[in-house]
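Structural description and commentary
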Amino acid sequence: MNRLALLLALLGAPAWAEPDAQALARLVHQDCGSCHGLSLKGGLGPDIRAVSLGHHDRESLQAVILDGIPGTPMPPWRPLLSAAEAAWIADYLLKGEDE
Amino acid sequence: MSRIARFLGGAAPVALRATPPRYFGPDERAVRRGLGGLAFLLASVLASGVAAQATGDLGLVVERASGALLVVDQSERAALGRIEGLGDLSHASLVYSPDERFAYVFGRDGGLTKVDILERRIVARVMQAGNSIGGAISDDGRYVAVSNYEPGGVRVFDADTLAPVADIPTGGKTIGLVDIPGTRFVFSLWDQGETWIADLSGKAPQITKITGMGENPYDALVTGDGRTYIAGLFGADHLTALDLWQDPPQPKPILPGYAEGRAGLPVYKMPHLEGWALAGTDFALPAMGQHEVLWVDARSLEESGRTAVYGQPVFAMARPDGRQVWVNFAHPLNDTIQVIDTLSKQVIHEFKPGPGVLHMEFTPRGHEVWLSVRDAGRVMVYDTETFEKLREIEADSPSGIFFTARAHKTGL
């Protein structure tokens, strides 16, 4: 499935749907990566690898992802991602797993 | 050229390629196999086989996930081979030496790599910073400059050896680095909202600082004549132009309040400003946070129109003759291309090449365009008049496409 179709499907997906791990991991590296670097070591946005996220927990990360950081280029992802997906990404970043 | 080479005539350089281009028809392939034998003989006669390969219609495609470059031939519409081992190539760009033999590749991981297109190998590589964003080569081909996010500033290297020549700390991230005539580079400071001109024609770099460019410049372009520098701003509702023929240049806001009264959409990918903005008598510029391409009269810098488009534009690139502007879009609408007619400023064509259209590159005279379609793992070649797809070339997560003809253009 292409990503647009996937995201549109996710937008309409019921809250209990399991996040699609593979698609989300890809989104983190490709689309978060356009500002944070493909390997998340930083770019216009800061390093968001686990080692640099010590000041965050799952909830604070989920909130940053959903609402962005107003006044900075960090955009709110709420229009594209569900709360469950943002939580999945928060866990993924904190675990520091790689593709 | 040796007598044998002359005897083989025009076919010789083609047959000399180490790897035959893909996608030949069966007949052509047989002919080439025949020539291959001759070429082998010829290669042992000539001191170096690569000497007979012209580079004027070659190019490089960045394969961002695998840290490789695909060497392509624009006239054959084919991949010729790969250069590997370049590190993190997300957001990588490159420039060419004046002789179109070498490319300087600016990697996200701070790597600066010089590659030989003919021998398809890395010639030199330095890790010059922690995190970099792009670079430029001076008009005389002597210096390569790199713009850095981490630790910030600009560093300049000798184009032959990649030995460091100058370090220009700025106290923050630098963006929009371009070359202009007079062995000068121009770049902007994200945090301070300044543009600096570094003159490297003398012994030590001379810096001219221009303040008041506006909040958070995120990218910039210079026109092909090296005169007009335009910076896009993240933190303000306009762009800022500099006339580099003035001394000192004065910042001039252009398109003031272009998004006034309209909510800015979340920006999932920053637009790119590139030296392909001039279309006829206007510049075509991607709007930030709006589904629009903005038009500015190239002389007066007054707004001359707007074109509503499908999504937030990432690149708005004029075909080299300026007659059309091709636009791609930010995530999640990055499967689509729209083509705008410069005279009417209307969208005249829309199509979906596939998921993740990251970059476009026109052939030097614009008869064809190459598109990298990342998630399809393909580069696609289209006729720009009929919009017919002419070829698909396999590539591993392709992003930037760069033809060697860029070597002779200011600001690319």
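Quick look at the structure, then. This one's a predicted model, so the numbers in the text were calculated from it and none came from an experiment. (Residues numbered from 1 in each chain as written. Chains lettered and ligands numbered in written order. Predicted model: local features only at pLDDT ≥ 70, side-chain atom pairs only at ≥ 80, totals over all residues. Heavy atoms only, no water.)

Structural notes on the overall build of chain A
Filter applied, for reference: Helix numbering and strand numbering both begin at the N terminus, where a helix is a DSSP run of H or I of at least 4 residues and a strand a DSSP run of E of at least 2. Throughout, exposure labels follow a simple rule: accessible area from a 1.4 Å probe, protein chains only, divided by the maximum for the residue type, with under 20% read as buried, over 50% as exposed, and the rest as partly exposed. Using a 1.4 Å probe, accessible areas were evaluated by the Shrake-Rupley method; residue-level cover was limited to the displayed protein chains.
Looking only at helices and strands, chain A has 4 helices and 0 strands in total. Overall, chain A shows an N-to-C arrangement of helices and strands of α-α-α-α. In chain A, which comprises 99 residues, the proportion classed as buried is 45%. Split by element, the accessible area of chain A, about 5000 Å² in all, is 59% carbon and sulfur.

Topic: the packing of helix α2 (residues 21-36) of chain A against helix α4 (residues 83-95) of chain A
When two helices pack together, their arrangement is given by the angle between the helix axes and by the axis-to-axis distance. Residues and elements named next belong to chain A. Heads up, the rule is: Fitted lines through C-alpha atoms serve as axes, helices being fitted only where they are in contact, and the angles separating the N-to-C directions of these axes extend from 0 to 180 degrees. By definition in this entry, angles of less than 35 degrees are roughly parallel, angles greater than 145 are roughly antiparallel, angles of 65 to 115 are roughly perpendicular, and the rest are oblique. Rotating anticlockwise by less than a right angle from the far helix to the near helix defines a left-handed crossing, while the corresponding clockwise rotation defines a right-handed one. Any two residues whose heavy atoms approach within 4.5 Å at even a single point are treated as in contact. When residues are sorted by character, Ala, Val, Leu, Ile, Met, Phe, Trp, Tyr, Cys and Pro go into the nonpolar class, Asp, Glu, Lys and Arg into the charged class, and all the rest, Gly among them, into the polar class.
Running from N to C, α2 and α4 cross one another at 65°; their axes reach a closest spacing of 10 Å. By the angle class used here, α2 and α4 are roughly perpendicular. Helix-helix and strand crossings are classified by hand; for α2 and α4 the assignment is right-handed. The segment α2 lies against α4, with Ala21, Leu24, Ala25, Leu27, Val28 and His29 engaging Glu85, Trp88, Ile89, Tyr92 and Leu93. By residue class, the composition of the contact of α2 with α4 is 9 nonpolar, 1 polar and 1 charged.

A look at the packing of aromatic side chains
Put simply, the rule is: Centres within 6.5 Å are what make two rings of Phe, Tyr or Trp a pair, Trp counting through its six-membered ring; a difference in plane orientation under 30 degrees is then read as stacked, over 60 as edge-to-face, and the rest as tilted.
According to the stated counting rule, one finds 10 aromatic pairs over all chains in the structure shown. Relative to Tyr268 of chain B, the ring of Trp77 of chain A has its centre 4.4 Å away and its plane inclined at 55°; by these criteria the two rings are tilted. Taken together, the residues span two chains, with Trp77 of chain A in the loop between α3 (58-67) and α4 and Tyr268 of chain B in the loop between β19 (252-254) and β20 (278-279). Pair check on accessibility: Trp77 of chain A and Tyr268 of chain B agree, each one buried.

Function cannot be inferred from these measures alone, as they are strictly geometric.
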